[in-house]
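Each chain, written out:
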Amino acid sequence: GGEGRRLRLGEELARALGRSETLEGLLVLLDEPASSVHPYDALTITNCLLQLRDRGATIIVATHQQELIERGDRILQLSCDSFPRASSSSRRSPD
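Predicted model only: the values in this text are computed from it and were never measured.

What counts and how
- Residues numbered from 1 in each chain as written.
- Predicted model: local features only at pLDDT ≥ 70, side-chain atom pairs only at ≥ 80, totals over all residues.
- Heavy atoms only, no water.
- 1 Å grid on protein atoms, 1.4 Å probe; cavity = no way out; pocket = protein on both sides within 12 Å on 5 of 7 lines; lining within 4 Å.
- Points joined across faces, edges and corners; volume = space filled by probe spheres on them.
- Helix = DSSP H or I, 4+ residues; strand = E, 2+ residues; numbered from the N terminus.
- Nonpolar A, V, L, I, M, F, W, Y, C, P; charged D, E, K, R; others polar.
- Buried < 20%, exposed > 50% of the residue type's maximum accessible area, 1.4 Å probe, protein only.
- Salt bridge = Lys/Arg side-chain N within 4 Å of Asp/Glu carboxyl O.

A.B. asks: Would you mind showing me how to read the layout of surface pockets here?
C.D. replies: Where empty space is left can be seen by rolling a probe of water-molecule size over the atoms. Size it by volume and the largest pocket reaches roughly 870 Å³. As for the largest pocket, its lining consists of 23 residues, and the residues nearest its centre are Ile59, Ile60, Val61, Gly72 and Arg74. When contributions to the lining of the largest pocket are tallied by element, the ones reaching two or more residues are α2 (39–54), β2 (58–62) and α3 (66–69). The dominant element in the lining of the largest pocket, judged by the number of residues it contributes, is β2, at five residues. Of the residues in the lining of the largest pocket, the class split is 12 nonpolar, six polar and five charged.

Below, the structure written as structure tokens:
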């Protein structure tokens, strides 16, 4: 068979989502899902994520993209200062 037309990432995601009926209980974890993609694909990915959410999925996204952050229902901002640092005195030595 021929190679056919290669789908863009956003189109592939949209097709996969279109095949799913119910998404209750589905957890989707994404790290910078719209980085390094064409702006059209970034918009398609964002819209697909919103559709997933509307159909009952829980979506957790790590991103720096303000447009995607603004679309979230809940926003948790993390920084290096958010986590306690281990000091040499708090580390256990092997027995």
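What follows picks up the thread again.
A.B. asks: Looking at this model, I keep getting lost on unusual backbone geometry. Mind explaining?
C.D. replies: With the exception of glycine, the majority of residues adopt a negative phi angle, and the majority of peptide bonds are in the trans configuration. Unusually for a residue other than glycine, Glu32 sits at a positive phi of about 50°. Residue position: Glu32 is located in the loop between β1 (27–31) and α2. Unlike most non-glycine residues, Ser36 shows phi in positive territory, near 60°. Positionally, Ser36 belongs in the loop between β1 and α2. For Ser36, a relative accessible area of 80% corresponds to the exposed category.

A.B. asks: Before we go on, may I ask you to explain the pattern of salt bridges in this structure?
C.D. replies: Charged atoms that come close allow side chains of opposite charge to pair. Applying the stated criterion across every chain yields a total of two salt bridges. We note a salt bridge from Arg53 to Asp54, for which the minimum N-O separation is 3.0 Å. A residue is classified by how much of its surface remains accessible, and Arg53, at 30% relative accessible area, is partly exposed. A salt bridge links Asp73 to Arg53; its shortest N-O distance comes to 3.2 Å. Of this pair, Asp73 sits in the segment after α3 while Arg53 sits in helix α2, placing them 20 residues apart in sequence. Assessed through its relative accessible area of 62%, Asp73 is described here as exposed. In this structure, a network of salt bridges that share partners links the residues Arg53, Asp54 and Asp73.

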